[in-house]
Amino acid sequence: MFNFIDENGCKCELSFEKGPYEIEPKHVLVLVYYEGKWLCTINKKRGIEFPGGKIEPGETLETAAIREVYEETAVQIDDLKWFAYYVVHDAPPFCKAVFTGKVERIDEFVEEHETLGMTWLTSEELENHPNLSFYMKDAGMKKMLQEVKHHERKW
């Protein structure tokens, strides 16, 4: 378990072991690496971040992950694999399940209410971009990016 304090001052716990979950995940985050770059969405309020969001009634975590990536970026993913989960001790606390996915196809983006579309960033750009979302700057994100390098996934 990796513990850290996020940019909002909340205690967070990151685990790379699947379940059991302290808090049932109701949010998803998806890491997609393609042709040497990371898929990011451009959130109108928060800035550049990995795609993700809340599960909707009747959805599984996997279905929500695929839907959120497509809604936010117009990238259809497949070969989804569980990667990590992290708990944010906010009021109320919540848990995100983190997945990796592979690009199946890239469609033309039609503006969605939350995002301005996608951008692809190298690892260096991801570390130094001036318009990163607050959660992309925290110790948990840095730890996930370190761990994904050692992940069994063959991008």
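Below is a short write-up of the structure. (Residues numbered from 1 in each chain as written. Predicted model: local features only at pLDDT ≥ 70, side-chain atom pairs only at ≥ 80, totals over all residues. Heavy atoms only, no water.)

### Some points on the side chain of Glu 59
To keep it simple, the criterion reads: Numbering goes from the N terminus for both helices and strands, where a helix is a DSSP run of H or I of at least four residues and a strand is a run of E of at least two. Only protein chains enter the accessibility calculation, which uses a 1.4 Å probe; a residue is then buried when its area is under 20% of its type maximum, exposed when over 50%, and partly exposed in between. Identification of polar contacts relies on pairs of N or O atoms within 3.5 Å, with a donor-acceptor requirement for protein atoms, meaning one able to donate a hydrogen and the other able to accept it, and with residues adjacent in sequence counted only if both atoms are side-chain atoms. Any two residues having at least one pair of non-hydrogen atoms within 4.5 Å are treated as being in contact.
Mapped onto the secondary structure, Glu 59 falls in the loop between strand E6 (52–54) and helix H1 (61–73). Assessed through its relative accessible area of 16%, Glu 59 is described here as buried. At a separation of 2.7 Å, a polar atom in the side chain of Glu 59 contacts the main-chain amide nitrogen of Glu 56. Separated by 2.6 Å, the side chains of Glu 59 and Arg 67 make a polar contact. Setting aside its immediate chain neighbours within four residues, Glu 59 contacts Lys 54, Ala 64 and Arg 67.

### Digging into the packing of aromatic side chains
What counts, and what does not: Any Phe, Tyr or Trp ring, taking Trp's six-membered ring, that has another such ring centre within 6.5 Å forms a pair; planes under 30 degrees apart are called stacked, those over 60 apart edge-to-face, and the others tilted. Working rule: Lys NZ or Arg CZ, within 6 Å of ring centre, within 35 degrees of ring normal, means a charge sits over the ring.
Tallied over the entire structure, the rule returns 6 aromatic pairs. Site record: aromatic cluster; members linked through ring pairs are Tyr 33, Trp 38 and Phe 50. Lying over the aromatic face of Tyr 135, Lys 96 brings its terminal NZ or CZ to 4.6 Å of the ring centre.

### Looking at the pattern of salt bridges
Here is the rule we go by: Salt bridge, as applied in this entry: a Lys or Arg side-chain nitrogen positioned within 4 Å of an Asp or Glu carboxyl oxygen.
A complete count under the given rule lists 12 salt bridges for this structure. Salt-bridge contacts for Glu 56 lead to Arg 67; the nearest nitrogen and oxygen are separated by 3.5 Å. Taken together, the positions of Glu 56 in the loop between E6 and H1 and Arg 67 in helix H1 put the pair 11 residues apart, joining distant regions of the chain. Classification of Glu 56 by relative accessible area gives partly exposed; the value is 40%. In this structure Arg 67 comes out as buried when scored by relative accessible area, which is 15%. For Lys 102, the salt bridge is made with Asp 79, and the minimal N-O distance between the two is 3.7 Å. Taken together, the residues span a long stretch of sequence, with Lys 102 in strand E8 (residues 94–106) and Asp 79 in strand E7 (residues 75–89) at a distance of 23 residues. Connected through salt bridges with shared partners, the residues Glu 56, Glu 59, Arg 67, Glu 68 and Glu 71 form a single ionic network.

### A short note on the pairing of strand E1 (residues 2–5)
The line we're drawing: For two strands to be treated as a pair, DSSP must find at least two bridges joining them.
One ladder, built from 4 bridges, connects E1 with strand E2 (residues 11–15); its direction is antiparallel. Paired with Phe 4 across the bridge in E2 is Cys 12. Connecting the antiparallel pair E1 and E2 is a turn made up of 5 residues, with Gly 9 showing a positive phi of about 85 degrees.

### Quick look at the nonpolar core
The criterion, for reference: Each nonpolar core is a collection of buried residues, namely Ala, Val, Leu, Ile, Met, Phe, Trp, Tyr and Cys, held together in the definition by side-chain atoms within 4.5 Å.
Core analysis: the largest hydrophobic core is formed by 24 residues, its most contacted members being Leu 29, Phe 50, Tyr 86, Val 98, Leu 126, Met 141 and Met 144. Of all the secondary-structure elements, those providing two or more residues to this core are E2, strand E3 (27–34), strand E4 (37–43), E7 and helix H3 (139–149). Other than its neighbours up to four places away in sequence, Leu 126 contacts Trp 38, Cys 40, Phe 50, Leu 121, Leu 132, Met 136 and Leu 145. Grouped together as the second largest cluster of nonpolar side chains are 19 residues, Val 28, Val 30, Ala 65 and Val 103 included.

### Points about the state of the cysteines
Rule in force here: Two cysteine sulfur atoms form a disulfide, by the criterion used here, when they sit within 2.5 Å.
Per the counting criterion, the structure on display carries 0 disulfides. Its sulfur unpaired, Cys 10 is 6.2 Å from the next cysteine sulfur, which belongs to Cys 12. With a relative accessible area of 10%, Cys 10 lands in the buried category. Here Cys 40 is not cross-linked by a disulfide; its sulfur's nearest cysteine counterpart is in Cys 12, at 19 Å.

### What to know about the side chain of Glu 68
Along the chain, Glu 68 turns up in helix H1. By relative accessible area, which is 8% here, Glu 68 ends up buried. The residues contacting Glu 68, other than those within four sequence positions of it, are Val 28, Gly 52, Gly 53 and Lys 54.

Take it as geometry only, folks, not as evidence of what the structure does.
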